[in-house]
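Analysis of the macromolecular model
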Amino acid sequence: MNDSPLNHSGDISAPYLAGLNAPQREAVLNTEGPVLVLSGAGTGKTRVLTTRLVHILSTQRAWPSQILAVTFTNKAANEMKGRISAIIGRPVEGWWLGTFHALAARILRANAEQVGLKPNFTILDTDDQLRLVKQLIQAENLDNQKWPSRVVLGIIERWKDRGLTPERVTRAEQAEVASGRILDIYRDYQARLATLNACDFGDLLLHNIELFQKAPEVLLKYQQQFKYILVDEYQDTNVAQYLWLRLLAQGHRNLCVVGDDDQSVYGWRGAEVENILKFEQDFPGAKVVRLEQNYRSTPHILAAASGLIAKNAGRLGKTLWTERAEGEKVRVTSAWDGEEEARQIGEEVEALQRKGHNLREVAILVRAGFQTREFEERFITLGIPYRVIGGPRFYERLEIRDALAYLRLVNQPDDGLAFERIVNTPRRGLGDSTVRRLHDLARAQAISLPEAARRIVETDELKPAARRSLAGLVQDLARWRGLAETMDHGALAEIVLDESGYTEMWKQDKSIEAPGRLENLKELIHAMEEFENLGGFLEHVSLVMENAESGDRDQLTIMTLHGAKGLEFDIVFLPGWEEGLFPSQRTLDENGLKGLEEERRLAYVGLTRARKIAYVSHAANRRVHNQWQTGLPSRFLAELPPEHIERRDNQTFHRGQSRMFNPGLSEGRWTGASYMQRTARKPPPTIDATAVVAAESPGRYASGAKVFHQKFGYGAVVSAEGDKLEIEFDKAGRKKVMAGFVVPAHEAG
DNA sequence: TCGAACCAGTTTTTT
DNA sequence: ACTGGTTCGA
């Protein structure tokens, strides 16, 4: 079936093709050979993806089992499933449609022995990973202060993202981090995972790759099976995922990747924009389709976003256009501090409400999680219903992880990490010293921790009390395992939590969270009932667990820019556009220009979420970690094309504002940490209009001039450079301050 | 073994 | 300011 799809006259008139524009059709109909679909924001990407799958299926090019469709998130996978089943009129069954990790896990379960795992291997959660790494750091006598487990795990994960097993980490690279000590940890870590019959998320991919290399016949089988491969959000793939795809795609070479290089915002966790940038080289003869017609935003929003992203170098380049009516310009406002910014947005939201806008269609997109607080506080006082997306997930909660640890132990008797987690929860008098003993024994005998427990209770190694207690636990576990043979897993879970005393522990607990935790445990058991067996449930938990979506009530959404990728709203507020916060100083420090470009893409993502109106704002002062900082307007503000934005400065602030915008922000004159200065501890007062007006005439502060600052009090100018003053304050010491925020001392009042 | 006292580190997040 | 982790003393 290698002739052009266009020869199939039936294709063109198929009902599912109706309403697609020309490039979209091309993306759907070019089924053979490598295809790169560059889909800008709001160009109907998901529609193209699903239609393409339906097309392949309904022209009988392949069976569902011969199509591999890969997404990053379960949400995306579920959405795709839902849309496909809506078109084909039956549930999506027998498809290979899922996340990279879920699909890789499926392949790995079927071939686990080939890479030294048992098919019932455990997939570790982040918590397990961290505890493991911490143990290894201590065992290696590495300075825990200098190398916190989170950092070490991060390094290991970045290596894994790049497909580097310990043997493949280069010398140069290992020398960079703690003279190779981290590599030792990495090696230990992998060894421990092997003995635990466990793997982490990165391993799912790496073991697949190893499997494919070790067992070419297995690879061949999958290569032949997957006639068509489809990848969503290709710009977010890391090297390991790329290698995995490349291996699988070498059979039929029908690889279609969809993505947008301008929306690559996950570099910090290993994504490589380069994957999408070099797709045409990797897959010679690749057909490139550009989806550029935007169906989402107004021309002003689109132009503002396009103008901004045009500052990035090394793009594949797209020109988004729309047939939509002009709409409104992007509104830019300023505030004295974060509180005022929240107040302004709150007022605007109320105004929108009065105009009849549904709050479901309003979102506030922030750079960092801590920014949500100010808005929450404001909305509570105003009585505006809201929801914050991105809190702790159900399966990350303490009580859920504990309960799961019990269940994992029933499912996999040698799960050492689960054992360690619950050995003294609830309290059983089995503290550090006992656990250390178990570890020693386990290491000496090369057995698992639970196995060590099973053996040690047969000896007089432990004190009678500890021995009795541990023996009780060992017996319980064995008994539960026996029950698992015959009993429904939901009922079993209840018994386990009951008999272990875990439920009782929370009933006794008088803290305010305890009732909620008991609720969650009930919910957990409820969730289990939907699964065939315990193993299936645990797999689901580690790989496929979703946040329970709160219903679509009439409430506005607060979330991070990262979280908003792929979503859209009528009205979007983008607060906190200040140097240091957005672009984030840390990204700038760590990744330089590359980091800046990623931040800019994030800004682009934010703007393009809006269908009708986008509000951008910044505050001159902001409390971060309870310290007041003075922030300059983000350079991204200066990069928005002026003809597509509308300044909506409130009157008190207007004059000071214009000063803040002007001085050559886009010239990159100021770099690094000087963008944000740490200032005093007390909150800034509301702005005094006279102060701003007074500062209007430039150059009036000569060295030595006495000035007054709202926050710092009186001081003398040390030096002045344009708008930036360095001032020796009487009380607050030497600070760098914008001229707009001081008045001559004699005018202070 | 456990609670109180102290101390460091605070972006983004999925699987 | 707050949290989570570690350390120290009872």
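A brief structural summary. Predicted model only: the values in this text are computed from it and were never measured. (Residues numbered from 1 in each chain as written. Chains lettered and ligands numbered in written order. Predicted model: local features only at pLDDT ≥ 70, side-chain atom pairs only at ≥ 80, totals over all residues. Heavy atoms only, no water.)

1. Considering the packing of helix α7 (residues 149–161) against helix α9 (residues 181–195)
Two quantities define a packed helix pair, namely the angle between the axes and the distance from one axis to the other. Taken N-terminus to C-terminus, the directions of α7 and α9 make an angle of 75°; their axes are 10 Å apart at the nearest point. Considering their axes alone, α7 and α9 lie roughly perpendicular with respect to each other. Where α7 approaches α9, its residues Val-152, Leu-153, Ile-155, Ile-156, Trp-159 and Lys-160 are matched on the opposing element by Ile-182, Leu-183, Ile-185, Tyr-186, Tyr-189, Gln-190 and Leu-193. A class-by-class count of the residues in the contact of α7 with α9 yields 11 nonpolar, 1 polar and 1 charged. (Axes fitted to C-alpha atoms, helices over the stretch in contact; angles between N-to-C directions. Helix = DSSP H or I, 4+ residues; strand = E, 2+ residues; numbered from the N terminus. Parallel < 35°, antiparallel > 145°, perpendicular 65-115°, else oblique. Contact = heavy atoms within 4.5 Å. Nonpolar A, V, L, I, M, F, W, Y, C, P; charged D, E, K, R; others polar.)

2. Details of the packing of aromatic side chains
For the structure shown, the criterion picks out 20 aromatic pairs. Where Phe-375 meets Phe-379, the ring centres are 6.3 Å apart and the plane angle is 35°; that geometry is what we call tilted. One end of the pair, Phe-375, and the other, Phe-379, are both in helix α17 (residues 372–382), 4 residues apart, so they sit about a helical turn from each other. Take Phe-375 and Phe-379: they sit in the same class, and that class is buried. Ring plane angle 15° and centroid distance 4.3 Å describe the contact between Phe-573 and Tyr-615, whose orientation is recorded as stacked. Of this pair, Phe-573 sits in strand β13 (residues 569–574) while Tyr-615 sits in strand β14 (residues 610–624); the two residues are 42 residues apart in sequence, bridging distant segments of the chain. Joined through ring pairs, the aromatic side chains of Trp-96, Phe-212, Tyr-222 and Phe-226 make up one cluster. If you follow Arg-109 out to its NZ or CZ, it ends over the ring of Phe-121, 4.0 Å from the centre. (Phe/Tyr/Trp six-rings, centres within 6.5 Å; stacked < 30°, edge-to-face > 60°. Buried < 20%, exposed > 50% of the residue type's maximum accessible area, 1.4 Å probe, protein only. Lys NZ or Arg CZ within 6 Å of the ring centre and 35° of its normal.)

3. A few points about the pattern of salt bridges
The final tally for this structure, using the stated rule, is 49 salt bridges. Across the pair Arg-109 and Glu-539 runs a salt bridge whose closest N-O atoms are separated by 2.3 Å. Pair noted here: Arg-109 is in helix α5 (residues 100–110) and Glu-539 is in helix α26 (residues 534–544), with a separation of 430 residues, a long-range link. One salt bridge connects Asp-127 with Arg-401, and the closest N-O pair in it is separated by 3.6 Å. On the criterion of sequence distance, the pair formed by Asp-127 in helix α6 (residues 126–139) and Arg-401 in helix α18 (residues 398–411) is long-range, its members being 274 residues apart. (Salt bridge = Lys/Arg side-chain N within 4 Å of Asp/Glu carboxyl O.)

By themselves, these figures tell us nothing about what the structure is for.
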